[in-house]
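Descriptive analysis of the structure
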Amino acid sequence: MDIIKETNLKQFITTVRELVEKKLDELVPASQTEPTRLHEAVRWSLLGGGKRFRPVLMLAVGQAFGCEPDKLIATAAAIEMIHTYSLIHDDLPAMDDDDLRRGRETCHKKFDEATAILAGDVLQTLVFQTVAEDATLSADIRIRLISEISRAGGTPQGMVAGQALDLAAESREISGEELENIHSSKTGALIRAAARCGAIVAGAGENEIEAVSEYASSLGLLFQITDDLLDVTAHVDALGKTPGKDKKAEKSTYVSLYGIERTREMALNVHGEALGKLETLNRDISLLKEIADYVLRRES
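Predicted model, so just to flag it, every value in this text is computed and none were measured.

The rules we used
- Residues numbered from 1 in each chain as written.
- Predicted model: local features only at pLDDT ≥ 70, side-chain atom pairs only at ≥ 80, totals over all residues.
- Heavy atoms only, no water.
- Helix = DSSP H or I, 4+ residues; strand = E, 2+ residues; numbered from the N terminus.
- Rg over C-alpha atoms; globule rule 2.2 N^0.38 Å.
- Buried < 20%, exposed > 50% of the residue type's maximum accessible area, 1.4 Å probe, protein only.
- Salt bridge = Lys/Arg side-chain N within 4 Å of Asp/Glu carboxyl O.
- Patch = residues over 30% accessible without salt bridge, like charges linked within 9 Å, V, L, I, M, F, W, Y side chains within 5 Å.
- Areas by Shrake-Rupley, 256 points an atom, 1.4 Å probe, with all protein chains shown as cover.
- Lys, Arg positive; Asp, Glu negative; His and termini not counted.
- Charge placed at Lys NZ, Arg CZ, Asp CG, Glu CD.
- Phe/Tyr/Trp six-rings, centres within 6.5 Å; stacked < 30°, edge-to-face > 60°.
- Expected span 1.5 Å × (residues − 1).
- Disulfide = S-S within 2.5 Å.
- Polar contact = N/O pair within 3.5 Å; in protein donor to acceptor, adjacent residues only side chain to side chain.
- Contact = heavy atoms within 4.5 Å.
- Axes fitted to C-alpha atoms, helices over the stretch in contact; angles between N-to-C directions.
- Parallel < 35°, antiparallel > 145°, perpendicular 65-115°, else oblique.
- Left-handed = near helix turned anticlockwise from the far one by under 90°.
- Nonpolar A, V, L, I, M, F, W, Y, C, P; charged D, E, K, R; others polar.
- Arc of directions from axis to C-beta.

**A closer look at the overall build of the chain**
- If you tally the helices and strands in the chain, you get 16 helices and two strands.
- Since a compact globule built from 300 residues should have a radius of gyration of about 19 Å, the 18 Å found for the chain is in line with a globular shape.
- For the C-alpha atoms alone, the extent of the chain along its principal axes is close to 50 × 50 × 35 Å.
- The proportion of buried residues among the 300 residues of the chain is 52%.

Right, here's the structure in full:
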């Protein structure tokens, strides 16, 4: 498969989503496979829509460094799996207790809590099987990708750590520094890993990988800031999940700490920082700039 020809971000997103959906469908057991209820739950959560933002970012970074989608798509699908596993578990009553995800019932509401936990477990483990068995990549690259994804998903600075810190911060006042630390792990770690994995597969140099990592760190922060804004400004039909749930859970957000207008100013500043991190790259970074613009303006 050649480099994706689209230079327009909207077209690029559509193409990547199609590629990722096809790959995910291939990788995940069919719903008729025993235990059928478990595999139905996995497919309900994984193939029920979603922005596929992290795979889009990974393929855009890979393309910036001249890499073909064939070498990127399995890892991109794996990153979407670990993201979806985190959503299934975050939505559970013991965590964020949400009834709506991607515009329809959450996994535990559609099935049951035990099945939802197991569906998340399936996806988490399938992530590493997918990367380990990707014959398009060398063993050294696969090991490095597994390391990147593992760090982003776990602790002490990964997604699981961020969720633990987020839960511990409920119903108490926290500082802006604490809030950024929470979301650097909970949201930012996997976004950063997606970008880094794209650069690693493409054979980028260490300085280039570091520049991409800094860009993605700012992008992850921007994603969370806009998420907090959408939680108070968006309608449920556009958002695809329950708006206002952060306030209900007494969670500190950028909006609750700084107000809507100041939060919008912060989003503009972080957007500028993300673009600035790309300037050291002697590559075609047009799509990466468009992705930062997309995150700033997103409505869902």
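**Quick notes on the pattern of salt bridges**
- Scanning all chains against the criterion turns up 21 salt bridges.
- In this structure, Glu80 engages Arg102 in a salt bridge whose closest nitrogen and oxygen atoms are separated by 3.0 Å. Of this pair, Glu80 sits in helix H4 (residues 73-90) while Arg102 sits in the loop between strand S1 (100-101) and strand S2 (104-105), and the two are 22 residues apart along the sequence.
- Judged by its relative accessible area of 0%, Glu80 is buried.
- The network of salt bridges with common partners includes Glu21, Arg52, Glu80 and Arg102.

**Quick word on a negative patch on the surface**
- Negative charge collects at one region of the surface, where Asp97, Asp99, Glu105 and Glu113 lie side by side.
- With respect to the helices, strands and loops of the structure, Asp97 is situated in the loop between H4 and S1.
- Here Asp97 falls in the partly exposed class, since its relative accessible area comes to 47%.

**Remarks on the packing of aromatic side chains**
- Applying the stated criterion across every chain, the model contains four aromatic pairs.
- On the numbers, 5.1 Å between centres and 35° between planes, the contact of Phe53 with Phe223 is tilted. Here Phe53 is found in helix H3 (residues 53-64), whereas its partner Phe223 is found in helix H11 (residues 206-233), with 170 residues between them in sequence.
- According to the relative accessible area criterion, Phe53 is buried, its value standing at 4%.
- Relative to Tyr258, the ring of Tyr254 lies with its centre 6.3 Å away and its plane at 20°, an arrangement referred to as stacked. In this pair, Tyr254 and Tyr258 are both assigned in helix H14 (residues 254-258), four residues apart and thus about one turn of the helix distant.

**Quick notes on H4**
- With 18 residues, H4 should cover 26 Å at 1.5 Å per step; its first-to-last C-alpha distance of 26 Å lies within 8% of that length.
- In terms of burial, H4 is largely enclosed, as 18 of its 18 residues are buried.

**Observations regarding the state of the cysteines**
- Here the structure, examined in full by the defined rule, presents zero disulfides.
- With no disulfide of its own, Cys67 lies closest to Cys197 among cysteine sulfurs, the gap being 12 Å.
- For Cys67, a relative accessible area of 6% gives the class buried.

**Considerations on the side chain of Arg298**
- With respect to the helices and strands, Arg298 occurs in the segment after helix H16 (286-297).
- Judged by relative accessible area, Arg298 falls into the buried class, the value being 8%.
- For Arg298, the side chain forms a polar contact with the main-chain oxygen of Phe223, separated by 3.0 Å.
- Within the structure, Arg298 has its side chain in polar contact with the side chain of Thr226 (distance 2.9 Å).
- Among all residues touching Arg298, those that are not within four sequence positions of it are Lys51, Phe223, Thr226, Asp227 and Leu230.

**Here's the deal with the packing of H3 against H4**
- Relative orientation of the contacting elements H3 and H4 amounts to 150°, with a least axis distance of 8 Å. One way to sum up the angle between H3 and H4 is to call them roughly antiparallel. Every pair of crossing elements has a handedness; the one defined by H3 and H4 is right-handed. Together, Arg54, Pro55, Met58 and Leu59 of H3 and Ile73, Thr75, Ala76, Ile79, Glu80 and His83 of H4 make up the contact between the two elements.
- Looking at side-chain class alone, the contact of H3 with H4 contains six nonpolar, two polar and two charged residues.

**Let's talk about the side chain of Glu208**
- When you line up the elements, Glu208 lands in helix H11.
- From its side chain, Glu208 meets the backbone nitrogen of Gly205 in a polar contact 2.8 Å long.
- Dropping the residues within four chain positions of it, Glu208 is found in contact with Phe65, Leu281 and Arg283.

**Observations regarding helix H15 (residues 260-277)**
- Across its 18 residues, H15 extends 26 Å between first and last C-alpha, which sits within 8% of the 26 Å expected from 1.5 Å per residue.
- When H15 is considered as a whole, its buried residues turn out to be Thr263, Met266, Ala267, Val270, His271 and Ala274. Down the axis of H15, the smallest arc covering the buried residues is 140°, so these residues share one side. Among the exposed residues of H15, those pointing more than 90 degrees away from its buried face are Glu261 and Leu268.

Taken by themselves, the reported measurements are silent on function.
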